[in-house]
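Coordinate analysis (summary)
Listed below, chain by chain, are the residues.
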Amino acid sequence: MPSYEYKVFEIDSGMFGSSSVPEEQLNELGADGWEVVAPITENSGQTAALLLQRER
């Protein structure tokens, strides 16, 4: 059975509540075997972070 490790990737909220996802950083994490499995949202519904996992 596979074993996984997890990482929380925080997303910077811009002024006025707009967020931008740094694609370059996500591509680097993907090259290291990480994949996004779920968004982590605030009470307002805005995405604050992404949950990533990779097989150990």
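Structural notes, computed from the coordinates.

Rules behind the numbers
- Residues numbered from 1 in each chain as written.
- Predicted model: local features only at pLDDT ≥ 70, side-chain atom pairs only at ≥ 80, totals over all residues.
- Heavy atoms only, no water.
- Pairing = 2+ DSSP bridges.
- Helix = DSSP H or I, 4+ residues; strand = E, 2+ residues; numbered from the N terminus.
- Axes fitted to C-alpha atoms, helices over the stretch in contact; angles between N-to-C directions.
- Contact = heavy atoms within 4.5 Å.
- Salt bridge = Lys/Arg side-chain N within 4 Å of Asp/Glu carboxyl O.
- Buried < 20%, exposed > 50% of the residue type's maximum accessible area, 1.4 Å probe, protein only.

With that settled, consider the sheet that holds strand β2 (residues 35-41). Taken together, the 3 strands give an open sheet; going across it, the order is β1-β3-β2, and neighbouring strands pair in antiparallel fashion. The open sheet has two free edges, formed respectively by β1 (4-10) and β2, since each of these has just one partner strand. Within this sheet the neighbouring strands show an average axis-to-axis angle of 25°, counted without direction. Two strands pair when backbone bridges link them, and β2 and strand β3 (residues 47-55) are joined in this way by 6 bridges, in the antiparallel orientation. Paired with I40 across the two strands is A49, which belongs to β3. Each of β1 and β3 touches helix α1 (residues 23-31); the most contacted strand, β1, lies at about 175° to it.

Right, let's talk about the pattern of salt bridges for a bit. Two side chains with opposite charge may pair up if their charged atoms get near one another. Counting across every chain of the model gives 1 salt bridge. Among the salt bridges present, the one from R54 reaches E5, with a minimum N-O distance of 2.9 Å. Placement of R54 in strand β3 and of E5 in strand β1 is noted, with a sequence separation of 49 residues between them. Residue E5 is classed as partly exposed on the basis of its relative accessible area, which comes to 25%.

Keep in mind these values describe shape, not function.
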